[in-house]
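Summary of structural features
Residues per chain are reported as follows:
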Amino acid sequence: MVSRRLEGNIGHEETIHTPEDNFKINTYFPTMDVVITSMEQRFAHCKELYGDLELFDPRRFKDIRDNGINPNAMNEISQTVEVICTFLTNNF
């Protein structure tokens, strides 16, 4: 984005956008906003499960070793595994 002052109009600035800036402003950013918002809404109910799965991230192992885990940790994942096992038992 390039800004310049118009001759004779002190204090008035005109913004000149390149074709790339125009694409980013009018296409890319609005599209990304819709995608991110949609994903946040779609997966909002999975926050506890994601928190449980985060315990398997090796980057968290030192923190878990030093501070332990929440007593309620793994509740969501254990319920999910139970549902999966029941489904597999009844369908295969």
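Owing to the predicted nature of the structure, the values given are computational and were not obtained by experimental measurement.

**With respect to the overall build of the protein chain**
What the protein chain contains, in helices and strands, is 4 helices and 2 strands. If you list the helices and strands of the protein chain from N to C, you get β-β-α-α-α-α. Burial statistics for the protein chain: of 92 residues in total, 10% are counted as buried. When contacts within the protein chain are restricted to residue pairs at least 6 apart in sequence, long-range pairs at least 24 apart make up 18% of them. When the accessible surface of the protein chain is totalled, it reaches about 8,100 Å², and 58% of it is carbon and sulfur.

**Considering the packing of helix 2 (residues 47–54) against helix 4 (residues 75–91)**
Closest axis-to-axis distance for the helix 2/helix 4 pair is 7 Å, and the angle between their directions is 100°. In this view, helix 2 runs roughly perpendicular relative to helix 4, as classed from their interaxial angle. The residues of helix 4 that touch helix 2, namely those facing Glu48, Leu49, Asp52 and Leu53, are Asn75, Glu76, Ile77 and Thr80. Taken together, the residues that form the contact of helix 2 with helix 4 break down as 3 nonpolar, 2 polar and 3 charged.

**Some remarks on unusual backbone geometry**
Here the phi dihedral of Met74 falls at roughly 75°; this positive angle occurs in a residue that is not glycine. Inspection of the secondary structure assignment puts Met74 in the loop between helix 3 (61–67) and helix 4. Classification of Met74 by relative accessible area gives partly exposed; the value is 25%.

**Remarks on the pattern of salt bridges**
Applying the stated criterion across every chain, the model contains 5 salt bridges. The partner of Asp57 in a salt bridge is Arg59, and the shortest N-O contact between them spans 2.8 Å. Look at the salt bridges and you will find they share partners, linking Lys62, Arg65 and Asp66 into a network.

**Quick notes on the confidence of the model for the protein chain**
Summing up the model confidence of the protein chain, the mean pLDDT is 84 and the portion of residues at 70 or higher is 84%. Residue range residues 1–5 is modelled with pLDDT below 50. Its contacts to residues more than four positions away, or to other chains, number 18 contacts.

**As for the packing of aromatic side chains**
Taken as a whole and assessed by the stated rule, the structure comprises 2 aromatic pairs. Judged by centre distance (5.6 Å) and plane angle (65°), the rings of Tyr28 and Phe29 are edge-to-face. Here Phe29 falls in the partly exposed class, since its relative accessible area comes to 48%. Here the aromatic rings of Phe87 and Phe92 are separated by 6.3 Å at their centres, their planes lie at 75°, and the arrangement is edge-to-face.

**Looking at the environment of Ala73**
Mapped onto the fold, Ala73 is located in the loop between helix 3 and helix 4. Measuring from C-alpha to C-alpha, the distance between Ala73 and Leu53 comes to 9.5 Å, with 20 residues separating the pair along the chain. Among residues more than four places away in sequence, those in contact with Ala73 are Asp52 and Leu55.

What counts as what
- Residues numbered from 1 in each chain as written.
- Predicted model: local features only at pLDDT ≥ 70, side-chain atom pairs only at ≥ 80, totals over all residues.
- Heavy atoms only, no water.
- Helix = DSSP H or I, 4+ residues; strand = E, 2+ residues; numbered from the N terminus.
- Buried < 20%, exposed > 50% of the residue type's maximum accessible area, 1.4 Å probe, protein only.
- Contact = heavy atoms within 4.5 Å.
- Areas by Shrake-Rupley, 256 points an atom, 1.4 Å probe, with all protein chains shown as cover.
- Axes fitted to C-alpha atoms, helices over the stretch in contact; angles between N-to-C directions.
- Parallel < 35°, antiparallel > 145°, perpendicular 65-115°, else oblique.
- Nonpolar A, V, L, I, M, F, W, Y, C, P; charged D, E, K, R; others polar.
- Salt bridge = Lys/Arg side-chain N within 4 Å of Asp/Glu carboxyl O.
- pLDDT = per-residue confidence, 0-100.
- Phe/Tyr/Trp six-rings, centres within 6.5 Å; stacked < 30°, edge-to-face > 60°.

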